[in-house]
Amino acid sequence: MPSWEQLRNEMVEGQLRGRGISDERVLQAMNQVPRHEFIPNTNRGSAYADEPQPIYSQQTISQPYMVALMAASLELNETDMVLEVGGGSGYAAAVMALLARHVYAIEREPALVNLARSNLARAQLTERVTVITGDGTLGYQHCSPFSAISVAAAAPTIPPILLDQLYDKGGRMVMPVGHAHGQDLQLIRKCDGEIKQWSVTACRFVPLRAGWTSPN
Ligand code: SAH
C-alpha cells in the first residue's frame, strides 16, 4: 500500500505538473495539504484520484487539478486577503491559506461550516482561515475589499456585489460561469474600475445558490 505522502506526490507530479501547472508555490501547497483528511472516511481511499470527491449532500471537493488551476490563476502571494465563496470541506481554503495572508471562506450549509472548521483545525490552519456561515453571493462586506476571490460554485453571471468587493488595484477573481452542464472558468482582473475577463477552461461545478439568509 503506498503511503498518503506517496499518493499525494504522484498526484502533484502526474495530475498537476504533468498537465501544465508550473507554479512551484502552488505545487508545494498541494503537496503539503493532506487532502485525505478533508474527505469522508467512506471514500478516503480515492482522496488523491483525478476526480472530484463527494463531501455532503450533493456537494463535492473539486478535482485536485481544478483546485491548483484556480489557485495558480489567482497568482496568490503572502499579502493577499482572499475570499472563497463555497468553503465546503475547507480543502481549497487550506491550499490557498498556504499561498496568501488570510482566507475568509463563506459557506451556506451549517453542517459544512462545522466540517470545514474541524478539518482546518486538524490541519492547524485556523489562524489563517476564517470560516463564515452565510450567503456568498453577498460577499463579506465586513472584510472587503479582497485582493483575490475564488468562487467554488457556478452561476449564469458574476454577482456584481463580488466585483464591488474586489480590490480596485489589481484584484483577481476566478469563478465558473454558466449553467448546470456547461460552464467556463473565468478569470477577472479589476484595475481602476476597469474589469478584464478571460476564459481559463471548461469546467463543471455545483450551482451557486442565492437568496439564502442566515438563521441567526
Ligand atoms: N471549495 C470546497 C468545495 C466547494 S463545493 C472544498 O474545497 O471542499 C461548493 C460549495 O458551495 C458547497 O459547499 C455549497 O454548499 C456552497 N454554496 C453554494 N451556494 C452558496 C452560497 N450562495 N453561499 C455560500 N456557499 C454556497
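Described in the following lines is the structure provided in the data block.

Calculation rules
- Residues numbered from 1 in each chain as written.
- Predicted model: local features only at pLDDT ≥ 70, side-chain atom pairs only at ≥ 80, totals over all residues.
- Heavy atoms only, no water.
- Helix = DSSP H or I, 4+ residues; strand = E, 2+ residues; numbered from the N terminus.
- Rg over C-alpha atoms; globule rule 2.2 N^0.38 Å.
- Buried < 20%, exposed > 50% of the residue type's maximum accessible area, 1.4 Å probe, protein only.
- Contact = heavy atoms within 4.5 Å.
- Areas by Shrake-Rupley, 256 points an atom, 1.4 Å probe, with all protein chains shown as cover.
- 1 Å grid on protein atoms, 1.4 Å probe; cavity = no way out; pocket = protein on both sides within 12 Å on 5 of 7 lines; lining within 4 Å.
- Points joined across faces, edges and corners; volume = space filled by probe spheres on them.
- Phe/Tyr/Trp six-rings, centres within 6.5 Å; stacked < 30°, edge-to-face > 60°.
- Nonpolar A, V, L, I, M, F, W, Y, C, P; charged D, E, K, R; others polar.
- Near = heavy atom within 4 Å.
- Polar contact = N/O pair within 3.5 Å; in protein donor to acceptor, adjacent residues only side chain to side chain.
- Sits in = over half its atoms within 2 Å of the grid points.
- Pairing = 2+ DSSP bridges.
- Axes fitted to C-alpha atoms, helices over the stretch in contact; angles between N-to-C directions.

Structural notes on the overall build of the protein
The secondary structure content of the protein amounts to six helices and nine strands. In terms of C-alpha radius of gyration, the protein reaches 16 Å, essentially the compact-globule figure of 17 Å for 216 residues. The proportion of buried residues among the 216 residues of the protein is 50%. A separation threshold of at least 6 residues defines the contact pool for the protein, and within that pool the share at least 24 residues apart is 53%. With an accessible surface of roughly 10200 Å², the protein has 50% of that area assigned to carbon and sulfur atoms.

Points about the layout of surface pockets
What the largest pocket holds in volume is close to 610 Å³. Around the largest pocket sit 36 residues that line it, and Thr 60, Gly 86, Ala 152, Ala 153 and Val 206 are the ones nearest its centre. Broken down by element, the lining of the largest pocket gets its largest block of residues, four residues, from helix H3 (residues 64-73).

So, the packing of aromatic side chains
Under the definition given, this model contains four aromatic pairs. Judged by centre distance (6.1 Å) and plane angle (50°), the rings of Trp 4 and Tyr 48 are tilted. You can see Trp 4 sitting in helix H1 (residues 4-16) and its partner Tyr 48 sitting in the loop between helix H2 (24-32) and strand E1 (53-56), a full 44 residues away along the chain. Measuring from centroid to centroid gives 5.7 Å for Phe 38 and Tyr 91, while their planes differ by 70°, and the two rings are edge-to-face. Linking Phe 38 in the loop between H2 and E1 with Tyr 91 in helix H4 (residues 91-97), this pair joins segments that are 53 residues apart in sequence.

Some words on empty space enclosed by the protein
Applying the stated criterion to the full structure yields one cavity of 30 Å³ or more. As a volume, the largest cavity reaches approximately 30 Å³. Along the walls of the largest cavity sit Asp 23, Arg 25, Val 26, Ala 71, Leu 76 and Leu 99, which together make up its complete lining. When its residues are assigned to classes, the lining of the largest cavity shows four nonpolar, no polar and two charged.

What about the site of the ligand?
Near the ligand you find 25 residues, and of these Ser 89, Glu 107, Asp 135, Gly 136 and Arg 209 are the closest. Within the side chain of Glu 107, a nitrogen or oxygen atom sits 2.6 Å from an oxygen atom of the ligand. Backbone polar atom of Arg 108 to a nitrogen atom of the ligand: 3.3 Å apart, as the coordinates give it. Its free accessible area being 580 Å², the ligand has 99% of it covered by the protein chains. A majority-of-atoms criterion places the ligand in the largest pocket. Elements represented by at least two residues in the shell around the ligand include exactly strand E2 (59-61), H4 and strand E4 (102-107). Sort the elements by how many residues they give to the shell around the ligand and E2 lands first, with three residues. Among the residues making up the shell around the ligand, the classes are represented as nine nonpolar, 10 polar and six charged.

Looking at H3
When you tally the buried positions in H3, you get 10 out of 10 residues, the bulk of the element. For H3, the full list of buried residues reads Pro 64, Tyr 65, Met 66, Val 67, Ala 68, Leu 69, Met 70, Ala 71, Ala 72 and Ser 73. Positive backbone phi, approximately 45°, marks Glu 75, located one or two places after H3.

Considerations on the sheet that holds strand E5 (residues 129-133)
Strand order in this open sheet of seven strands is E5-E4-E3-E6-E7-E8-E9, and the pairing throughout is mixed. Among the strands making up the open sheet, the edge pair consists of E5 and strand E9 (194-203). Sheet twist, expressed as the mean angle between neighbouring strand axes with direction ignored, is 20°. As judged from the three bridges shared by strand E6 (residues 148-151) and strand E7 (residues 169-179), these two strands associate in the parallel manner.

Some points on the side chain of His 36
Positionally, His 36 belongs in the loop between H2 and E1. With relative accessibility at 8%, the residue His 36 sits in the buried group. If sequence neighbours within four positions are ignored, His 36 has contacts with Trp 4, Arg 8, Arg 44, Ala 47 and Tyr 48.

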